[in-house]
Amino acid sequence: MDTYKMKKSLFEGVASALATPFSAGEIDYSAFRRICDWQINMGVDALVVSGTTGEAATLARTERRILAETAMDVAAQRVPVVVGCGSSDTATAVSLCKEAVSIGADALLVITPYCNKGTRRGLIEHYKRVADAAGGISVILYNVPSRTGVDMSLEQYKELSKIENIVAVKEAATSLTKMTRLAGESSLTLYSGNDDMILPVISVGGRGVISVLSNLVPAAVSAMTHAALDGDFKTAFPIAHTYAHLIELLFAETNPAPLKYAMSLLELCSGEMRLPMWDISDELKVKIKDEMVRLNLI
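Described in the following lines is the structure provided in the data block.

Calculation rules
- Residues numbered from 1 in each chain as written.
- Predicted model: local features only at pLDDT ≥ 70, side-chain atom pairs only at ≥ 80, totals over all residues.
- Heavy atoms only, no water.
- Salt bridge = Lys/Arg side-chain N within 4 Å of Asp/Glu carboxyl O.
- Helix = DSSP H or I, 4+ residues; strand = E, 2+ residues; numbered from the N terminus.
- Buried < 20%, exposed > 50% of the residue type's maximum accessible area, 1.4 Å probe, protein only.
- Core = buried A, V, L, I, M, F, W, Y, C linked by side-chain atoms within 4.5 Å.
- Pairing = 2+ DSSP bridges.
- Right-handed = clockwise from strand over helix to strand, strands pointing away.
- Axes fitted to C-alpha atoms, helices over the stretch in contact; angles between N-to-C directions.
- Parallel < 35°, antiparallel > 145°, perpendicular 65-115°, else oblique.
- Left-handed = near helix turned anticlockwise from the far one by under 90°.
- Contact = heavy atoms within 4.5 Å.
- Nonpolar A, V, L, I, M, F, W, Y, C, P; charged D, E, K, R; others polar.

1. Let's talk about the pattern of salt bridges
Okay, so step 1: Using the criterion set out here, one finds 19 salt bridges in the structure.
Okay, so step 2: Among the salt bridges present, the one from arginine 207 reaches glutamate 12, with a minimum N-O distance of 3.0 Å. Separated by 195 residues along the polypeptide, arginine 207 in the loop between α8 (198-203) and β10 (208-211) and glutamate 12 in the segment before β1 (13-17) bring together distant segments of the chain.
Okay, so step 3: Among the residues examined, glutamate 12 registers a relative accessible area of 36% and is labelled partly exposed.
Okay, so step 4: Between glutamate 159 and arginine 120 there is a salt bridge, and its shortest N-O distance comes to 3.3 Å. With glutamate 159 in helix α6 (residues 154-160) and arginine 120 in helix α4 (residues 120-134), this residue pair connects regions lying 39 residues apart in the sequence.
Okay, so step 5: If you follow the salt bridges from partner to partner, you end up with Arg120, Arg121, Glu125, Lys128 and Glu159 in one network.

2. Here we look at the nonpolar core
Okay, so step 1: Core analysis: the biggest nonpolar cluster contains 92 residues, and Leu108, Leu141 and Ile166 have the highest contact counts within it.
Okay, so step 2: With eight residues, helix α10 (residues 233-250) is the largest single contributor of residues to this core.
Okay, so step 3: Ranked by size, the runner-up nonpolar core spans 17 residues in total, among them Ala17, Val48, Val167 and Ala172.

3. Observations regarding the pairing of strand β5 (residues 81-84)
Okay, so step 1: Going residue by residue along β5, you find Val81 and Val83 tucked away on one face and Val82 and Gly84 tucked away on the opposite face as well.
Okay, so step 2: Bridging between strand β4 (residues 46-49) and β5 involves three bridges; their strand directions are parallel. For valine 48, the partnering residue across the bridge sits in β5 and is valine 82.
Okay, so step 3: Regarding the hand of the β-α-β motif, the stretch spanning β4, helix α2 (residues 61-75) and β5 is right-handed.
Okay, so step 4: The sheet contact formed by β5 and strand β6 (residues 107-111) spans three bridges and is parallel. Across the sheet, the residue bridging to valine 82 is alanine 107, located in β6.

4. Focus on the environment of alanine 244
Okay, so step 1: You can see alanine 244 is positioned in helix α10.
Okay, so step 2: In this structure alanine 244 comes out as partly exposed when scored by relative accessible area, which is 42%.

5. Things to note about the packing of helix α3 (residues 90-102) against α4
Okay, so step 1: Contact geometry for α3 and α4: axes closest at 8 Å, N-to-C directions at 20 degrees. Taken together, α3 and α4 sit at an angle that is classed as roughly parallel. α3 and α4 meet at a crossing whose hand is right-handed. Each of Thr90, Ala93, Val94, Cys97, Lys98 and Val101 in α3 lies in contact with α4, whose residues at this interface are His126, Arg129, Val130, Ala133 and Ala134.
Okay, so step 2: Counted by class, the contact of α3 with α4 contains seven nonpolar, two polar and two charged residues.

By themselves, these are just geometric observations and shouldn't be taken as functional.
So, in structure tokens, the structure goes:
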């Protein structure tokens, strides 16, 4: 087997895939500032703005820019800010990347084009153009087949890893075999895209997580992830066990609807979303609230 030298990681540990707070249909930038500052103070290693958890598909271009600028202003270089720049249209993704670079993003998170299900060659070309538009800024690939209908292959990853500024992948598929090979057979830094896979992914060579759960318990997710990165699974396992059921509930209906309800219970922001997202069921609300009470979060 070939030996690959891993590219330098933008971060190791936890990047929070931040929810976007809304109030009466508009972004609540004051709440967003508080959330960003709290996340950093609680020990996360990076902030991700305008990802799927941030309901990026519903955000206007101006809103995306202001969110990114706000996060960077609050971060003040304490942690890197990763800006979501994906689109189902390559030209739009390229334009979003250029704008994020122009305002000082530390890295770009680029989801595989959704809905139109690009061909193998088309996806490679898509990412080549995105990487070129990034102008040397780090690009993190984002593979989430459950949302896009496309699953990037190991061979595609290997080909894309030859591009200097494509440095990492947020892998939200569920094949541990594929992730093991990705960590061992490519130069890309591997991040878990699923909170229930953090420890397995780290155990096979991953360097952290882009997390939904950390919107609620950033210190705990950070402690677990860094313990695992240090090989201290004796410390990491109990934390994983503690939050396993909450993770399950956060994805019982489409993310970020359950998360935003949980955040509202913590008074971090309202539970408001934008259509086509909608309020979660009353049954799930009861389960989330009961679990958060059990965990002494509320």
